[in-house]
Amino acid sequence: MNVENDIEKCLIARAQMGQPCDKAELKELMIDNNISDSSFVFNCDESGFQTDPSIGQKGIALSRISGGSGSESISVLACCAANGIYLPPFIIFKGKAVQARWTSDKSYPGTLYAVSNNGWMEETLFYNWLNTMFVDYINALRKERNMEQQKVVLLFDGHCSYSSLRIVQLAIQNNIILDRFPSHLTDHLQPLDKCVFGPLKTAWNRLLIQFGKDMIGKGAGRLTKGMFSEMLGKLWSNANNPINIISGFSTTGLFPFDKYKFPVNEFDPVDLEEYLKCKANEDSNDPSVSTIKQPNIIQHKSLDMHAYEVNNNQCFEQ
């Protein structure tokens, strides 16, 4: 092994993780690495699923705390591919150690469990998920397709839990390309946020409401961790819609790649003006760039956009 080259690759990848994922760079990345198969483009993210701390009693209307300091939730990491495939959930409980009663044989097959002091994602947990579930899945996929050297793109947000030297080293060793979304734009660019978590949460709320009704007159209606794992298994089996996942990647312009996806009025006008000035200065010093103005093309510091009417793909609820 050439240690110096390996270290150099790690440092370059680490630096890339610290920069937003530019759509033009993403297109280059996919072309350069021959990533044309939607099966090898992934998005992962965590989200909190409420556990409904209400109590059902006979003669009293059922009420639910849906937000604020009284609400409780459990973090779940989801991961899906641009072809509509989704991986089993990774459940993160608040605690010191995973207890057997928190798991369920009725949970979604392959579900992973972990704990943290605050119930949120941590670097160690993400590393273990990447090293076990994700790497195992993509290696099996490569073997099935007879594409054992195929590179994989994993898109994620800028959470610090996803960034460390050993995570980058693990990605390099397994031909995984890590790309981080720009800050404050995941609601526009992240497939899971755009078309997947919304319908999932709607279906989850229906399950919670039904659970509350079923518990009326049976004492405390708290959802235990074991019940949570079982109910999440039902959700993952019945409410994960491949159409929503595929739509999430297409409406964000990530796959199929489309850099002309959003109208100009969605840009920050100050940032846009500053970028256009910088771009104009760069182009004026580059003899290969035409000086003819292209009024219908608008470019942004992290995304290249085209001023045209957006095709509003729909996300579907079950």
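Since the model is a prediction, treat every value here as computed from it, not as a measurement.

Enquirer: I'm lost on the overall build of the protein chain in this one. Help?
Expert: For the protein chain, the helix and strand inventory stands at nine helices and eight strands. Nonlocal contacts in the protein chain, meaning residues at least 24 apart in sequence, comprise 73% of its contacts between residues at least 6 apart. In the structure as shown, the protein chain presents an accessible area of about 16800 Å², 51% of it carried by carbon and sulfur atoms.

Enquirer: What's the story with the pattern of salt bridges in this structure? I'm lost.
Expert: Any two side chains of opposite charge can pair, on the condition that their charged atoms come close. One pass over the full model with this rule turns up three salt bridges. One salt bridge connects Arg145 with Asp37, and the closest N-O pair in it is separated by 2.6 Å. In this pair, Arg145 is assigned in helix H3 (residues 123–145) and Asp37 in the loop between helix H2 (23–32) and strand S1 (41–50), connecting sequence segments 108 residues apart. Residue Arg145 is classed as partly exposed on the basis of its relative accessible area, which comes to 33%.

Enquirer: Explanation requested: the packing of aromatic side chains in the structure shown.
Expert: Two aromatic rings, taken as a pair, are described by how far apart their centres are and by the angle between their planes. On inspection of all chains with the given rule, the structure shows 10 aromatic pairs. On the numbers, 6.0 Å between centres and 85° between planes, the contact of Phe42 with Tyr137 is edge-to-face. Of the two residues, Phe42 is situated in strand S1 and Tyr137 in helix H3; the sequence distance between them amounts to 95 residues. Using a relative accessible area of 0% as the deciding quantity, one classes Phe42 as buried. Accessibility expressed as a relative area gives 28% for Tyr137, which makes it partly exposed. With a centroid separation of 6.4 Å and 70° between ring planes, the pair formed by Phe93 and Phe228 is classed as edge-to-face.

Enquirer: Help me understand the nonpolar core in this model?
Expert: Within soluble globular proteins, side chains that are nonpolar generally end up buried alongside one another. Phe49, Trp204, Phe228, Leu232, Leu235, Trp236 and Phe249 are the most contacted members of the largest nonpolar core, which totals 39 residues. Looking at this core, the elements that each hand over two or more residues are S1, strand S2 (73–81), strand S3 (90–94), strand S5 (152–156), helix H6 (191–214), helix H7 (225–238) and helix H8 (242–251). It is H6 that contributes the most residues to this core, eight residues altogether. Excluding residues that lie within four positions of it along the chain, Leu232 makes contacts with Phe49, Val76, Pro89, Ile91 and Trp204. With 30 residues, the next largest nonpolar core counts Phe42, Cys79, Leu154 and Leu178 among its residues.

Enquirer: It is not clear to me how the packing of H6 against H8 should be interpreted in this structure. Could you clarify?
Expert: Any two packed helices are characterised by how steeply their axes cross, that is the angle between the axes, and by the distance between the axes. Two numbers describe how H6 lies on H8: the axes approach to 7 Å, and their chain directions differ by 150°. The angle between the axes of H6 and H8 places the two elements in the roughly antiparallel class. Once H6 is placed against H8, the crossing between them reads as right-handed. On H8, the residues that touch Pro191, Lys194, Cys195, Val196 and Pro199 of H6 are Asn244, Ile245, Ser247, Gly248, Phe249 and Thr251. Looking at the contact of H6 with H8 residue by residue, the classes come out as six nonpolar, four polar and one charged.

Enquirer: What is the right way to look at the sheet that holds S1 in this model?
Expert: Strands in a sheet are paired, the pairing made by backbone hydrogen bonds, and the direction either parallel or antiparallel. Across the sheet, which stays open at both edges, the six strands sit in the order S4-S3-S2-S1-S5-S6 with mixed pairing between neighbours. Each edge of the sheet is formed by a strand with only one pairing partner; in this case those strands are strand S4 (112–116) and strand S6 (176–180). Along the sheet, successive strands turn relative to each other by an average axial angle of 25°, direction set aside. Pairing geometry for S1 and S2, over nine bridges, is antiparallel. Across the sheet, Phe42 pairs through a bridge with Ala81, a residue of S2. Helix-sheet contacts for H6 involve S1 and S2, and the interaxial angle to S1 is about 35°.

Enquirer: Would you mind showing me how to read the confidence of the model for the protein chain here?
Expert: Should pLDDT be low for a region, the predicted coordinates there are not to be read in detail. Per-residue confidence for the protein chain gives a mean pLDDT of 78, with 71% of residues at or over 70. A low-confidence stretch, residues 10–21 (pLDDT under 50), is modelled with 28 contacts involving residues beyond four sequence positions or located in other chains. Segment residues 290–318 is flagged for pLDDT under 50; beyond a separation of four residues in sequence, or across chains, it makes 70 contacts in the model.

Enquirer: Just checking my understanding: could you explain the environment of Leu77 for this structure?
Expert: Checked against the element boundaries, Leu77 lands in strand S2. Assessed through its relative accessible area of 1%, Leu77 is described here as buried. Separated by 44 residues in sequence, Leu77 and Met121 have C-alpha atoms that sit 8.3 Å apart. Setting aside residues up to four positions removed in sequence, Leu77 forms contacts with Cys44, Asp45, Glu46, Pro89, Phe90, Met121, Phe126, Trp129 and Tyr162.

Quick notes on the rules
Residues numbered from 1 in each chain as written. Predicted model: local features only at pLDDT ≥ 70, side-chain atom pairs only at ≥ 80, totals over all residues. Heavy atoms only, no water. Helix = DSSP H or I, 4+ residues; strand = E, 2+ residues; numbered from the N terminus. Contact = heavy atoms within 4.5 Å. Areas by Shrake-Rupley, 256 points an atom, 1.4 Å probe, with all protein chains shown as cover. Salt bridge = Lys/Arg side-chain N within 4 Å of Asp/Glu carboxyl O. Buried < 20%, exposed > 50% of the residue type's maximum accessible area, 1.4 Å probe, protein only. Phe/Tyr/Trp six-rings, centres within 6.5 Å; stacked < 30°, edge-to-face > 60°. Core = buried A, V, L, I, M, F, W, Y, C linked by side-chain atoms within 4.5 Å. Axes fitted to C-alpha atoms, helices over the stretch in contact; angles between N-to-C directions. Parallel < 35°, antiparallel > 145°, perpendicular 65-115°, else oblique. Left-handed = near helix turned anticlockwise from the far one by under 90°. Nonpolar A, V, L, I, M, F, W, Y, C, P; charged D, E, K, R; others polar. Pairing = 2+ DSSP bridges. pLDDT = per-residue confidence, 0-100.

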